[in-house]
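# Working through the structure, step by step
Residues per chain are reported as follows:
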Amino acid sequence: MTAADLARLDVPLANLVAAADQLTALKTERLAAGLAAEYRHLTDTRDAAFAVLACTHPEACSCDADYPNWTPGGTR
């Protein structure tokens, strides 16, 4: 690492505070959006009817055997 590399890392405190504020605002925004989406899901009056579809139409359901090489969540 050279002095030029270190000079690029040396930023004013105000810049760091502004970046932290932006991250905090983004986190708050995403949390609020997630909570709103969860609330919409929990209060969806059609959810129960959708859940019954699997019982009334088992031929439309899939199982693990339908996807032999698929790993839930992907490979990490």
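One structure accompanies this document, and this report is about it.

Conventions we followed
Residues numbered from 1 in each chain as written. Predicted model: local features only at pLDDT ≥ 70, side-chain atom pairs only at ≥ 80, totals over all residues. Heavy atoms only, no water. Helix = DSSP H or I, 4+ residues; strand = E, 2+ residues; numbered from the N terminus. Rg over C-alpha atoms; globule rule 2.2 N^0.38 Å. Buried < 20%, exposed > 50% of the residue type's maximum accessible area, 1.4 Å probe, protein only. Areas by Shrake-Rupley, 256 points an atom, 1.4 Å probe, with all protein chains shown as cover. Lys, Arg positive; Asp, Glu negative; His and termini not counted. Charge placed at Lys NZ, Arg CZ, Asp CG, Glu CD.

## Topic: the overall build of the protein
On a plain count of helices and strands, the protein comes out with three helices and zero strands. Mapped from its N terminus to its C terminus, the protein presents α and β elements in the order α-α-α. Over its C-alpha atoms the protein spans a radius of gyration of 24 Å, topping by over 25% the 11 Å that the globule rule assigns to 76 residues. A principal-axis box enclosing the C-alpha atoms of the protein has dimensions of 70 × 35 × 10 Å. Here the protein holds 76 residues, and 0% of them are scored as buried. In the structure as shown, the protein presents an accessible area of about 7200 Å², 63% of it carried by carbon and sulfur atoms. Once the 6 positive and 10 negative side-chain charges of the protein are each reduced to a mean point, those two points are 6 Å apart.

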